[in-house]
Amino acid sequence: MIQVDTNKCLGCFACSNICPNQFITREEEEGKRRTVRWAKCKEECDICVEFCPAKALALVPYSERTPEMIEVSFDLVPCEVCGKGFATEQLLKRIRETIPANLQKDSAGRSWVGICPFCRRELEAETASKQIVQSRRF
Amino acid sequence: MMRVYVDINRCIGCRSCEVACKRVHGGKGHVNVHITEDRASVPLFCHHCEEAACTMACYSGALAKDGERTSFSLDKCTGCGLCRLACPFGVVWTDKLAHKCDLCAPNETPTCVLTCPAEALSNDYEVALKRARARAGRATILGGKR
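Conventions we followed
Residues numbered from 1 in each chain as written. Chains lettered and ligands numbered in written order. Predicted model: local features only at pLDDT ≥ 70, side-chain atom pairs only at ≥ 80, totals over all residues. Heavy atoms only, no water. Helix = DSSP H or I, 4+ residues; strand = E, 2+ residues; numbered from the N terminus. Buried < 20%, exposed > 50% of the residue type's maximum accessible area, 1.4 Å probe, protein only. Contact = heavy atoms within 4.5 Å. Pairing = 2+ DSSP bridges. Axes fitted to C-alpha atoms, helices over the stretch in contact; angles between N-to-C directions.

1. What about the overall build of chain B?
Move 1: Each helix and strand counted, chain B has 5 helices and 8 strands in total.
Move 2: Counting from the amino terminus, chain B carries its helices and strands in the arrangement β-α-β-β-α-β-β-α-β-β-α-β-α.
Move 3: Along the first, second and third principal axes, the C-alpha set of chain B runs to 55 × 30 × 30 Å.
Move 4: By the burial criterion, 45% of the 146 residues in chain B qualify as buried.
Move 5: Of the contacts formed within chain B by residues at least 6 apart in sequence, a portion of 52% connects residues at least 24 apart.

2. A short note on the sheet that holds strand 2 (residues 24-29) of chain A
Residues and elements named next belong to chain A.
Move 1: Pairing in this open sheet of 4 strands is antiparallel, and the strands run 2-3-5-6 from one edge to the other. Here the strands that pair on one side only, and so sit at the sheet edges, are strand 2 and strand 6 (85-88). Averaged over all pairs of adjacent strands, the angle between their axes in this sheet comes to 25 degrees, without regard to strand direction.
Move 2: Note that strand 5 (residues 69-78) and strand 6 share 3 bridges and pair antiparallel. The partner of leucine 76 across the bridge, within strand 6, is threonine 88.
Move 3: Across the sheet, helix 3 (residues 89-98) is in contact with strand 3 (33-39), strand 5 and strand 6; its angle to strand 6 comes to roughly 70 degrees.

Okay, here's the thing in structure tokens:
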């Protein structure tokens, strides 16, 4: 049986991708909220335990007292530019911890971690096109 | 394996590279042409960074540096989406599992480079260097006059 430490969960969906029996399901309200649900499983399989990036899962002996379904919900953090939710707080915290501080700023000194991937591309295109308009004058 | 150089001055925004990339990668493209107002079009894709943040965020070893290339192996990916959030340029995607530019390995020349009708994409360092020098030369001769 799988035990979930809901305080450690990042809300990343790795376990639900990897579960061979579809005991772990997910739901995402685009741009707002995501939910992960672990149905009580009797298998002695620990693939999800092995692949959890946060080590939030553990294989424990079967117990009648555990509820049939464990659920964790996360509000998505809004993008600093477009305001649309794009990641859980826990995932962004993990990024801030794993990437060296000097890489967390772009060439203009702006921190990009709180910006969604779509807006990161828009900003990059904007910067590049400014350079080009400059050079078209010559 | 050479990286791809982009000359935005030449890009005509036709999105041929996007289509070509999707064609050779089973419908999942890794190039995005962004059109900024009416001024320019910019093809965006993996920079294959030397210090690649995506490889630092990836805990399963699916993303790794392989010489100049930032390589991705699908069989190690769990679809956690950390790489998507770790890429400063937003050019790692996760549709359940991650996908990104692989420079069309093991082919010598990436398909986007072969396809680009405007020669905005190139994997020849000498060409990129020549163009940059020509631009700098023009700027010097004209003395910054408009």
